[in-house]
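So the chains spell out like this:
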Amino acid sequence: MIYIVDNIFNYFIYLFISHFGFRLSPRKNKLFIGASALIMLFAGVFNAYFDINSPIVYIFWSVLSISLFFEDNLIHLILLSFGLMYFTGIVDTFSVMLLQVILIGGGIDAADIAWWMESAYILSFLVYLLVYVQLLKKNEVYLCDIGLKYKIALLIQGSIFQMFYNFVFAFFDENRAMYSLNAYVTFFVSIAGVIYSIFLTLSLAIKNILYNRQNRELQSFMYMQKQQYDYQLQQSAAIRRFKHDLVNHIGALRELINQKKIGDAKDYIDTIWDMQEDFDLKIHTGDGFLDVIINYYLYLAEKENIEFAVSGKLTEKMPLEMVDITSLMGNVLQNAMEAAEKAAVPKIRVELVEHKREIFIVVSNSITDKINAKNGFLVTSKKDKENHGFGMKTIAAAVEKYHGEYYTDFIEENGKGMFKISIAIPRENKACR
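Read on for an overview of the structure. (Residues numbered from 1 in each chain as written. Predicted model: local features only at pLDDT ≥ 70, side-chain atom pairs only at ≥ 80, totals over all residues. Heavy atoms only, no water.)

Description of a nonpolar patch on the surface
A cluster of nonpolar residues, Phe-42, Phe-46, Tyr-49, Phe-50 and Ile-52, forms a patch on the protein surface that exposes about 570 Å² of accessible area. Structurally, Phe-46 can be placed in helix α2 (residues 30-50). (Patch = residues over 30% accessible without salt bridge, like charges linked within 9 Å, V, L, I, M, F, W, Y side chains within 5 Å. Areas by Shrake-Rupley, 256 points an atom, 1.4 Å probe, with all protein chains shown as cover. Salt bridge = Lys/Arg side-chain N within 4 Å of Asp/Glu carboxyl O. Helix = DSSP H or I, 4+ residues; strand = E, 2+ residues; numbered from the N terminus.)

In structure tokens form, the structure reads like this:
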């Protein structure tokens, strides 16, 4: 019976780590999920009947049950199953040793395999839960984001401590009577060292991920700044060229008027007027810096044949620093551009609404039929997920800095899907420092 309970505990631990640690989603087909549970129970009954804990059976149910339960690449699931089986086995061993020392006071031979073995799985699960809450969830990082070298380091580290603990446990079992309290202190310090080293390795891996993430966000921000700067340079160059040619234009008009070619003079004026429209800002929002950003994306939208409309106007400047306006609106409009380009009828709409205490910015864009959303964020549909998908998080950070709020929604407009983000920024507000 104990082997059945043992399998069940392990099964739930595997599901917890795979789902919450690696972001793997269960299959929608309940037949596969049921088959996964049945295989696990069958393996437990087999081990219980023959009174063994066969490694082959253990490997079989671990790999097959996870592969059936989760919807992912089969090879990845098999490798993940082997890795989890090995790593969780190490942590479970530490928990078994700890409970034996605390509650039994001796080695494996001092007592039959009984209730304390199952308690060890609860203890090890608490370790996994602590890792998830304090490291993964807290930093919005998952085990699948961690680099391969760190994963291998954890497995090698576990192997070293597994061998080391065999000696430590043997020392404790043979010398606890002689060394009394010192033997217990040695054992507990060793256990604490193992858990700490695992947390330390994971913390280093997560810091590396966060550093790379911030670096990519900074590069993305600098790229947006450069693109906008280049756009402004083009506009400035066009203005300088126009001013340089202005004397010649006036001279040509004077000559046409002197020759009484009034019709030609009017056509020439229209031509000059069209030229100045090319470098004039077409959209005026009431905030000069916001004008630059919106006009830049209007320029991009026109190049990509995306319908771009802006309604509303501000009576005062946005209560945001220039860098935050770029970060917020740059990411909002960049996301809108990337999504609209894939739509059958590409369009973007920006609405500016002032209230007594808040400024509302609503950006809507057309989308493809298939939407990928998770945990309140849009999940990037690009293959290179590591280098994309930070836009919404950057938007959230900018809004939070000014004590604002934002909401996302999917709406239907004329039978077509639209994604809408509504941002509310207090008009009088000091950003968090």
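Looking at the side chain of Asp-291
With respect to the helices and strands, Asp-291 occurs in helix α9 (residues 288-303). Lys-313 is the oppositely charged side chain nearest to the buried, salt-bridge-free Asp-291, at an N-O distance of 7.7 Å. Within the local environment of Asp-291, its side chain forms a polar contact with the side chain of Thr-285, the two groups lying 2.6 Å apart. (Buried < 20%, exposed > 50% of the residue type's maximum accessible area, 1.4 Å probe, protein only. Lys, Arg positive; Asp, Glu negative; His and termini not counted. Polar contact = N/O pair within 3.5 Å; in protein donor to acceptor, adjacent residues only side chain to side chain.)

A short note on the nonpolar core
Counting 49 residues, the largest nonpolar core has Ile-17 and Leu-202 as its most contacted members. Of all the secondary-structure elements, those providing two or more residues to this core are α1 (2-22), α2, α3 (55-69), α4 (74-104), α5 (115-139), α6 (148-179) and α7 (181-258). For Leu-202, the contacting residues outside a window of four places in its chain are Val-131, Leu-135, Leu-143, Ile-146 and Leu-154. By size, the runner-up hydrophobic cluster in this structure holds 37 residues, among which are Tyr-296, Leu-314, Ile-361 and Phe-419. (Core = buried A, V, L, I, M, F, W, Y, C linked by side-chain atoms within 4.5 Å. Contact = heavy atoms within 4.5 Å.)

Concerning the packing of aromatic side chains
This model, assessed by the stated rule, comprises 15 aromatic pairs. A centroid spacing of 6.0 Å and a plane angle of 70 degrees characterise the contact between Tyr-11 and Phe-12, whose relative ring orientation is edge-to-face. When its relative accessible area of 5% is taken as the criterion, Tyr-11 is described as buried. With a centroid separation of 5.4 Å and an interplanar angle of 50 degrees, the aromatic rings of Phe-410 and Phe-419 are classed as tilted. In this structure Phe-410 comes out as partly exposed when scored by relative accessible area, which is 37%. An aromatic cluster of three or more residues is present, and its members are Tyr-11, Phe-12, Tyr-14, Tyr-58, Trp-61, Phe-69 and Phe-70. If you follow Arg-27 out to its NZ or CZ, it ends over the ring of Phe-32, 4.9 Å from the centre. (Phe/Tyr/Trp six-rings, centres within 6.5 Å; stacked < 30°, edge-to-face > 60°. Lys NZ or Arg CZ within 6 Å of the ring centre and 35° of its normal.)

Digging into the pairing of strand β7 (residues 416-426)
Of all 11 residues making up β7, 8 are buried, and the element is well covered by its neighbours. Here strand β6 (residues 405-413) runs beside β7; their pairing, made up of 9 bridges, is antiparallel. Bridging across to β7, Glu-413 finds its partner in Lys-416. Hairpin connection between β6 and β7: a loop of 2 residues separates the two successive antiparallel strands, and Asn-414 in this loop has a positive phi of roughly 55 degrees. (Pairing = 2+ DSSP bridges.)

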